[in-house]
Amino acid sequence: MRHNTISVEAAEELDAAPAVPAGFNRHPVPWINLLGVRVSAVNMGSAVSSILDAIAAGRKGYVCLRDVHGVVRCQNNEELQRAHNRAFLVTPDGMPLVWALKGAGHKTADRVYGPDLMLALFDQGRKAGLRHFLYGTTPEVLEKLAARLTEAYPGAEIVGTYAPPFRPLTEAETEEVAAGINATKADIVWVGLSTPKQELWMAEMRPALDAGMLMGVGAAFDFHAGSKKQAPRFVQRSGFEWLFRLASEPRRLFGRYAVVVPSFLGLVALQVSGLREFPMSRPADVPPRAASQTERPV
């Protein structure tokens, strides 16, 4: 059996989403298999265009904003891995993922930083009259976030907010939340939870929600509400943003990064060398792709 480094998959996506309406240009997005996770070869412009086009066409999906931490979490959580591999897009939120994409030949790929993507869609979504719903964090943060976003983007419409309790919702509560979100006729549901909560929530709730896109943006809620500081732009581009966040929250993040960083480097070395394969899990209800896969070494 031939071993490959990080493979470049065919442009056709996993067919987990509803059928595309006639006449819709899907703008097929190439992607790579990075440790068994499908990472989309996009940049900010192409990600925004793909999301807006999908909403306009009535397509439903969800978007995972992915960093090294999330990719490593997928290694021991098959449900989380499946959630990523069924997403409409899995964007490179961390620079190591951008470097992997570029190394695989996707030269135009670039970082799609969750907080920046949120602002871009609030800005450009005004032309289409997009309706936004904010789900996550606390009532206080949501209030500040909504106020700041509507001030920064006049005409942007926030049609509802919900701060879930810090415990799993009951079945009745889940149904009530879905009904409440649907009643607002939101086009985008922004999900500000942590990994893996937000990815699992989006995968679970996707069939029950009418909104075109669910967007898991994590700490973007806190950043835009002013509750937490973002790293300077040059640090974000350096690949060492994790050090800035570690310095900001050492007690909470030391254990995470002590495991994540060496694990990621070791696993990528195994994949690149061909010493280990990282197959992509596929949900039982998703048929295999008919399109052939193309692979080339990094």
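Residues numbered from 1 in each chain as written. Predicted model: local features only at pLDDT ≥ 70, side-chain atom pairs only at ≥ 80, totals over all residues. Heavy atoms only, no water.

Engineer: Before we move on, could you go through the packing of helix α3 (residues 78-85) against helix α8 (residues 197-205) and cite the residues and values that matter?
Structural biologist: At their nearest, the axes of α3 and α8 sit 9 Å apart, and the two run at 65° to each other. Considering how the two elements wind past one another, α3 and α8 form a crossing that is left-handed. Contact with α3, carried on its side by Glu79, Leu80, Ala83 and His84, involves Glu199, Leu200 and Ala203 of α8 and no other residues of that element. Split by residue class, the contact of α3 with α8 holds four nonpolar, one polar and two charged. (Axes fitted to C-alpha atoms, helices over the stretch in contact; angles between N-to-C directions. Helix = DSSP H or I, 4+ residues; strand = E, 2+ residues; numbered from the N terminus. Left-handed = near helix turned anticlockwise from the far one by under 90°. Contact = heavy atoms within 4.5 Å. Nonpolar A, V, L, I, M, F, W, Y, C, P; charged D, E, K, R; others polar.)

Engineer: Report on the side chain of Thr195, specifying residues and quantitative values.
Structural biologist: For Thr195, the location among the structural elements is in the loop between β8 (188-192) and α8. Looking at Thr195, the relative accessible area reads 15%, which means it is buried. At 3.2 Å, the side chain of Thr195 forms a polar contact with the side chain of Glu199. The residues touching Thr195, leaving out its near neighbours within four places in the chain, are Arg66, His69, Gly70 and Arg73. (Buried < 20%, exposed > 50% of the residue type's maximum accessible area, 1.4 Å probe, protein only. Polar contact = N/O pair within 3.5 Å; in protein donor to acceptor, adjacent residues only side chain to side chain.)

Engineer: Quick rundown of unusual backbone geometry? Include the residues and the values.
Structural biologist: The amide bond that connects Thr195 to the next residue, Pro196, takes the cis arrangement and shows omega of 10°. At Leu35, a position not held by glycine, the phi torsion is positive, near 55°. Checked against the element boundaries, Leu35 lands in the loop between β2 (31-34) and β3 (37-40). On the accessibility criterion, Leu35 (1% relative accessible area) is buried.

Engineer: Quick one: what's the story with the side chain of Arg66, residue by residue and with numbers?
Structural biologist: Mapped onto the elements of the fold, Arg66 is located in strand β4 (residues 61-66). There is a polar contact of 2.8 Å between the side chain of Arg66 and the side chain of His84.

Engineer: Explain the pairing of β8 to me, and be specific about the residues and the numbers.
Structural biologist: Every regular strand shows the same layout, with side chains that alternate between the two sheet faces. The buried count for β8 comes to five of five residues, which makes it a mostly enclosed element. Side-chain alternation along β8 places Ile188, Trp190 and Gly192 on one buried face and Val189 and Val191 on a second face that is also buried. Both strand β6 (residues 131-136) and β8 contribute to a ladder of five bridges, which runs parallel. Its bridge partner lying in β8, Gly136 is registered against Gly192. Summarising the sheet, β8 and strand β9 (residues 213-216) pair through four bridges and their orientation is parallel. From the neighbouring strand, Val189 faces β9, where its bridge partner is Leu214. Assessed by its sense of winding, the connection that carries the chain from β8 through α8 to β9 is right-handed. (Pairing = 2+ DSSP bridges. Right-handed = clockwise from strand over helix to strand, strands pointing away.)

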